[in-house]
Amino acid sequence: MEFKIDAIDGNARATTIKTAHSEIKTPIFMPVGTAAAVKSLDAIDMMEILDAPIILGNTYHLYLRPGDETIAKLGGLHGFSGYKRSFLTDSGGFQAFSLGDNVKFTDEGIWFKSHIDGSKHFFSPEKVIDIEYNLNSDIMMVLDDLIPLPNTKERIKKSIERTTDWAYRSLVHHVKKGKKNNLFAIIQGGTDFEMRKISAQSLVSLEYEGYTFDGFAIGGLSVGEENQLMYDTIEATTPYMPKEKPRYLMGVGTPEDIIEAIDRGVDMFDCVMPTRNARNGYLFTSFGTLRIKNAQYKLDDMPIDEECDCYTCKNFSRAYLNHLFKAKELTYFRLASIHNLHYYLTLVKNARDAIIRGKFKEFKKEFYAKRS
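Residues numbered from 1 in each chain as written. Predicted model: local features only at pLDDT ≥ 70, side-chain atom pairs only at ≥ 80, totals over all residues. Heavy atoms only, no water.

**Q** So what's going on with the overall build of the protein? Which residues, and what values?
**A** Each helix and strand in the protein was counted, giving 15 helices and 16 strands. Taken over C-alpha atoms, the radius of gyration comes to 20 Å for the protein, in line with the 21 Å a tight globule of 372 residues would show. The dimensions of the protein, computed from C-alpha atoms along their principal axes, are 60 × 45 × 40 Å. Counting across all 372 residues of the protein, residues that qualify as buried make up 56%. Considering only intrachain contacts with a sequence separation of at least 6, the fraction spanning at least 24 residues in the protein is 68%. In the structure as shown, the protein presents an accessible area of about 15,900 Å², 50% of it carried by carbon and sulfur atoms. (Helix = DSSP H or I, 4+ residues; strand = E, 2+ residues; numbered from the N terminus. Rg over C-alpha atoms; globule rule 2.2 N^0.38 Å. Buried < 20%, exposed > 50% of the residue type's maximum accessible area, 1.4 Å probe, protein only. Contact = heavy atoms within 4.5 Å. Areas by Shrake-Rupley, 256 points an atom, 1.4 Å probe, with all protein chains shown as cover.)

So, in structure tokens, the structure goes:
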């Protein structure tokens, strides 16, 4: 991986990440393709219509179906899906966390039951890395111990210790394997600022035979805490993340969340929100959220957003999308998802442009003014 800082405005950063498959200009939003596909969209949509340089896949889901060995035989994620640009794969820690009673965390790894057929499986830090090698993702996330919030000081401390141990085991395994995929560690610590500092410093200090992690992520947020507390936690964490490596905030979030995190020095984001909201009739616009099923749009021949130049807005009206949604036509999912993802990708692109011009504060102020 090549990483370069192009501009800094306050704490906001514009950087360039080069992987084996694409050049990524940050800040960047990564559409979520959990099962090697962004829901309702294909690789051509992602590359030619949305021009997304990187998408996210999920180790847990792909391991269970169709199986990482199957994907390896079919050319890894790039050959299997037809998406030729970069993939980041999440380790599956969040999915295990979400299984509730069907998961057991131990110091060695995570035991879990498949949500598909109830079969029992075990993820160790090393096994997760091997699965990600089969997927051949450009950026691989290590297995981490994600915990619900709020939580006790003792459990947060245990999460940090286990996450650090698993990260080191992942790094050792990766170095010994000699693979070229990039490896990111995940900072935990809940909303306890001191714990976040300890976690970040512990992970940054890890090295094996001269190798360290290629980037660092902030995990364990957007799990029920108030927005301002999340922003304060990000602000308390980024100073302990290396300036010369990418910074990734996992699973966040709303347009406002992304702008606030950019303002605090974060480079990379992912979230299911744009596609999930699209499928449920909520469309993001420069002036706020539009609920397409509302009766007021039945005869509205305007595009979703007059300021938007996405494929959907250039070709279809609010009235048509209103009809498709109510008729439960599958075409609606594609057109709405294209629009919402274009909105997110354009938002981070415009944030980058503002950072390069030294105008991010003005950009942020205008963003809020238009959405009020």
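Let us keep going from here.
**Q** For the packing of aromatic side chains, give the residues involved together with the corresponding values.
**A** In total, this model carries 17 aromatic pairs according to the counting rule given. Geometrically, the ring pair formed by F316 and Y320 is stacked, given 5.6 Å between the ring centres and 20° between the ring planes. Exposure remark for F316: the relative accessible area of 24% places this residue in the partly exposed category. On the basis of relative accessibility, which here comes to 35%, the residue Y320 falls in the partly exposed class. Ring geometry for Y343 against Y344: centres 6.0 Å apart, planes inclined by 70°, an arrangement best described as edge-to-face. (Phe/Tyr/Trp six-rings, centres within 6.5 Å; stacked < 30°, edge-to-face > 60°.)

**Q** So what about the sheet that holds strand β2 (residues 12–18)? Which residues, and what values?
**A** The three strands lie next to each other as β1-β2-β3, forming an open sheet whose pairing is antiparallel. Strands at the two margins of the open sheet, each flanked by one partner only, are β1 (2–9) and β3 (23–26). Each adjacent strand pair in this sheet contributes to an overall mean axis angle of 10°, direction not counted. The pairing of β1 with β2 spans seven bridges and is antiparallel. (Pairing = 2+ DSSP bridges. Axes fitted to C-alpha atoms, helices over the stretch in contact; angles between N-to-C directions.)

**Q** Lay out the sheet that holds strand β9 (residues 120–123) in plain terms, naming residues and giving numbers.
**A** Across the sheet, three strands lie side by side as β7-β8-β9; this open sheet has antiparallel pairing. Two strands bound the open sheet, and with one partner strand each, they are β7 (103–105) and β9. Within this sheet the neighbouring strands show an average axis-to-axis angle of 15°, counted without direction. Direction of pairing for strand β8 (residues 110–113) relative to β9: antiparallel, over a ladder of four bridges. Pairing of F112 across the sheet is with H121, part of β9.

**Q** Describe the environment of Q95, with residues and values.
**A** Counting through the fold element by element, Q95 comes out in helix α5 (residues 93–98). Separated by eleven residues in the primary sequence, Q95 and T106 have C-alpha atoms spaced 16 Å apart. Look past the residues within four positions of Q95 in its chain and what remains in contact with it is N58, Y60, H61 and D90. A polar atom in the side chain of Q95 sits 2.8 Å from the side chain of N58. (Polar contact = N/O pair within 3.5 Å; in protein donor to acceptor, adjacent residues only side chain to side chain.)

**Q** An account of helix α15 (residues 360–371) is requested, with residue identities and associated values reported.
**A** For α15, with twelve residues, the first-to-last C-alpha span of 17 Å sits near the 16 Å given by 1.5 Å per residue. By the burial criterion, the buried members of α15 are F360, F363, K364, F367 and R371. On an axial view of α15, the arc spanned by its buried residues comes to 100°, and they lie on one face. Exposed positions of α15 whose direction lies more than 90 degrees from the buried face are K365 and A369. Residues of α15 that are buried make contact with β1, β2, α10 (255–263), β15 (282–285), β16 (288–291) and α14 (330–356). (Expected span 1.5 Å × (residues − 1). Arc of directions from axis to C-beta.)

**Q** Explain the packing of α10 against α15 to me, and be specific about the residues and the numbers.
**A** It is at 11 Å that the axes of α10 and α15 come closest, and there the two elements cross at 165°. On the basis of the axis angle, α10 is roughly antiparallel to α15. Handedness of the crossing formed by α10 with α15: left-handed. Judged by residue contacts, P255, E256, I259, E260, I262 and D263 of α10 engage F360, K361, F363, K364, F367, Y368 and R371 from α15. Along the lines of polarity and charge, the residues of the contact of α10 with α15 split into seven nonpolar, no polar and six charged. (Parallel < 35°, antiparallel > 145°, perpendicular 65-115°, else oblique. Left-handed = near helix turned anticlockwise from the far one by under 90°. Nonpolar A, V, L, I, M, F, W, Y, C, P; charged D, E, K, R; others polar.)

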